[in-house]
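# Chains, contacts and geometry: an overview
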Amino acid sequence: RRGPTVEILGYSFCHIATIAPERDQADRIKEFFPQERYQNKRGLRLHKYGAGPFCRFQIPSGLHLAGVYVVTVEGRIVYVGECQDLSERFNARGYGTISPRNCFEGGQPTNCRVNTLILQAAKQGLRIELWFHQTTQRDSIEEEILRHLQPPWNIQGRGK
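This write-up is about the structure you can find in this document.

### Focus: helix α3 (residues 138-149)
Helix length check: α3 (12 residues) gives 16 Å between terminal C-alpha atoms against 16 Å at 1.5 Å per residue, within 8%. For α3, the full list of buried residues reads Arg-138, Ile-141, Glu-142, Ile-145 and Leu-146. Looking straight down α3, one finds that the buried residues subtend no more than 130 degrees of arc, so they occupy a single side.

Pasting the structure below:
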């Protein structure tokens, strides 16, 4: 990919997308409560981040790349993660579209938490960007960046 790059601890990250949640005809960010569609036959409780509201957004598809990504808000690194497939991590089953099941115990609380933080930043009119460094060393690079920068959206001190 060509386009802007940024150096983070000596690693080159390329710009992937501006994260822009879906809006309605009045230009308001659409909010979603997918947990309402879940047939909760086992009586599971919503996890800590499952109540919503959530937003929907997409990054370009076809980026089946492994590496480390960073999310910036107004140019400040707020979240760091690693993935085997960037498009999958951010699109249909990742941060960009919260599935009903992921709102409940045993689901994906990180997806819900990050989506909510993106929604809050977008509602404040802040610029949210996604950057990516393709690598096979994704675990060690993610750990190095987390250790040095301690981004506020990453939950510090958690085990992997």
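Okay, back to it.
### Structural notes on the environment of Ala-66
Secondary-structure assignment places Ala-66 in the loop between β2 (11-18) and β3 (67-73). Spatially, the C-alpha atoms of Ala-66 and Gln-25 are 36 Å apart, while their sequence positions differ by 41 residues. With residues up to four places along the chain from it excluded, the contact list for Ala-66 reads Cys-83, Gln-84, Phe-132, His-133, Gln-134, Thr-135 and Arg-138.

### Some remarks on helix α2 (residues 109-123)
Here α2 spans 21 Å end to end across 15 residues, near enough to the 21 Å set by a 1.5 Å rise per residue. In terms of burial, α2 is a largely internal element, 11 of the 15 residues being buried. Close packing links the buried residues of α2 with β3, β4 (76-83), α1 (86-90) and β5 (128-134). Count one or two residues on from α2 and you reach Gly-125, which has phi positive near 80 degrees.

### A word on the nonpolar core
The biggest cluster of nonpolar side chains holds 28 residues, and the ones touching the most others in it are Ile-16, Tyr-69, Leu-86, Phe-90, Leu-130 and Trp-153. Elements represented by at least two residues in this core include exactly β2, β3, β4, α1, α2 and β5. Top contributing element to this core by residue count: α2, with six residues. Grouped together as the second largest cluster of nonpolar side chains are 10 residues, Phe-13, Val-70, Val-80 and Trp-131 included.

### A short note on the packing of aromatic side chains
Using the criterion set out here, one finds six aromatic pairs in the structure. Ring plane angle 35 degrees and centroid distance 6.3 Å describe the contact between Tyr-69 and Tyr-79, whose orientation is recorded as tilted. Residue Tyr-69 is located in strand β3, and its partner Tyr-79 is located in strand β4; the two are separated by 10 residues in the primary sequence. Tyr-79 matches Tyr-69 in its accessibility class, with the two residues each being buried. Judged by centre distance (5.0 Å) and plane angle (70 degrees), the rings of Phe-90 and Tyr-95 are edge-to-face. The same class applies to Phe-90 as to Tyr-95, namely buried. Sitting over the ring of Tyr-49, Arg-113 keeps its end group 5.8 Å from the ring centre.

Calculation criteria
- Residues numbered from 1 in each chain as written.
- Predicted model: local features only at pLDDT ≥ 70, side-chain atom pairs only at ≥ 80, totals over all residues.
- Heavy atoms only, no water.
- Helix = DSSP H or I, 4+ residues; strand = E, 2+ residues; numbered from the N terminus.
- Expected span 1.5 Å × (residues − 1).
- Buried < 20%, exposed > 50% of the residue type's maximum accessible area, 1.4 Å probe, protein only.
- Arc of directions from axis to C-beta.
- Contact = heavy atoms within 4.5 Å.
- Core = buried A, V, L, I, M, F, W, Y, C linked by side-chain atoms within 4.5 Å.
- Phe/Tyr/Trp six-rings, centres within 6.5 Å; stacked < 30°, edge-to-face > 60°.
- Lys NZ or Arg CZ within 6 Å of the ring centre and 35° of its normal.

All quantities given are derived from atomic positions and should not be read as evidence of function.
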